[in-house]
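Next come the chains, spelled out residue by residue.
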Amino acid sequence: MDIQLKRGLLDVCVLAAIKNEDSYGYQIIKDMKPYLELSESTLYTILKRLETADMLTVRSAEHGGRLRKYYHITGKGLARIEEFRDDWKEILPIYQFITREEAEHE
């Protein structure tokens, strides 16, 4: 898969993982696991990129005697998810066109 396309998809997946409630790294990986495998190093690179782009904010809170970073989606992050949904409406017919021969032969 094209690296830029994959990067964009993973960014939106991480935003979707924290859309409804703040979360932390391990929980994000756990929530995404039924859908895709994501390493900690990849996740933290994505989280840093999203923070730099003002799509999420970070706060630290003590949990079990340790500091844990919690990630919160911003309005800009929510807008990115909506933008992806709009983009997907354009991408889906392209995917269907590309895979149509496979469907016809099944």
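This text follows the structure it describes.
Peer 1: Just checking my understanding: could you explain the packing of helix H2 (residues 25-32) against helix H3 (residues 40-52) for this structure?
Peer 2: Working note: a packed helix pair is described by the angle between its axes plus the distance between those axes. Running from N to C, H2 and H3 cross one another at 110 degrees; their axes reach a closest spacing of 10 Å. Relative to H3, the element H2 is oriented roughly perpendicular. With respect to the hand of their crossing, H2 and H3 are arranged in right-handed fashion. Facing H2, whose interface residues are Gly25, Tyr26, Ile28 and Ile29, H3 presents Glu40, Leu43, Tyr44 and Leu47. Partitioning the contact of H2 with H3 into residue classes produces six nonpolar, one polar and one charged.

Peer 1: What exactly am I supposed to notice about the packing of aromatic side chains here?
Peer 2: Think of a pair of aromatic rings as described by two things: how far the centres are apart, and how the planes are tilted against each other in angle. Going through the model one piece at a time under the given rule, you end up with two aromatic pairs. Between Arg68 and the ring centre of Tyr24, over which it is positioned, the NZ or CZ distance is 3.6 Å.

Peer 1: Looking at this structure, I do not really get the environment of Cys13. What am I missing?
Peer 2: With respect to the element layout, Cys13 can be found in helix H1 (residues 3-17). Residue classification places Cys13 among the partly exposed positions, given a relative accessible area of 28%. Separated by 33 residues in the primary sequence, Cys13 and Ile46 have C-alpha atoms spaced 10 Å apart. Sequence-distant contacts of Cys13, that is, excluding residues within four places in its chain, are made with Met32 and Leu36.

Peer 1: Help me understand the side chain of Asp11, please; the structure alone is not making it clear to me.
Peer 2: Summarising the element assignment, Asp11 is placed in helix H1. For Asp11, a relative accessible area of 13% translates into the label buried. Excluding its chain neighbours within four sequence positions, the residues that come into contact with Asp11 are Ile46, Arg49 and Leu50.

The rules behind the values
Residues numbered from 1 in each chain as written. Predicted model: local features only at pLDDT ≥ 70, side-chain atom pairs only at ≥ 80, totals over all residues. Heavy atoms only, no water. Axes fitted to C-alpha atoms, helices over the stretch in contact; angles between N-to-C directions. Helix = DSSP H or I, 4+ residues; strand = E, 2+ residues; numbered from the N terminus. Parallel < 35°, antiparallel > 145°, perpendicular 65-115°, else oblique. Left-handed = near helix turned anticlockwise from the far one by under 90°. Contact = heavy atoms within 4.5 Å. Nonpolar A, V, L, I, M, F, W, Y, C, P; charged D, E, K, R; others polar. Phe/Tyr/Trp six-rings, centres within 6.5 Å; stacked < 30°, edge-to-face > 60°. Lys NZ or Arg CZ within 6 Å of the ring centre and 35° of its normal. Buried < 20%, exposed > 50% of the residue type's maximum accessible area, 1.4 Å probe, protein only.

By themselves, these figures tell us nothing about what the structure is for.
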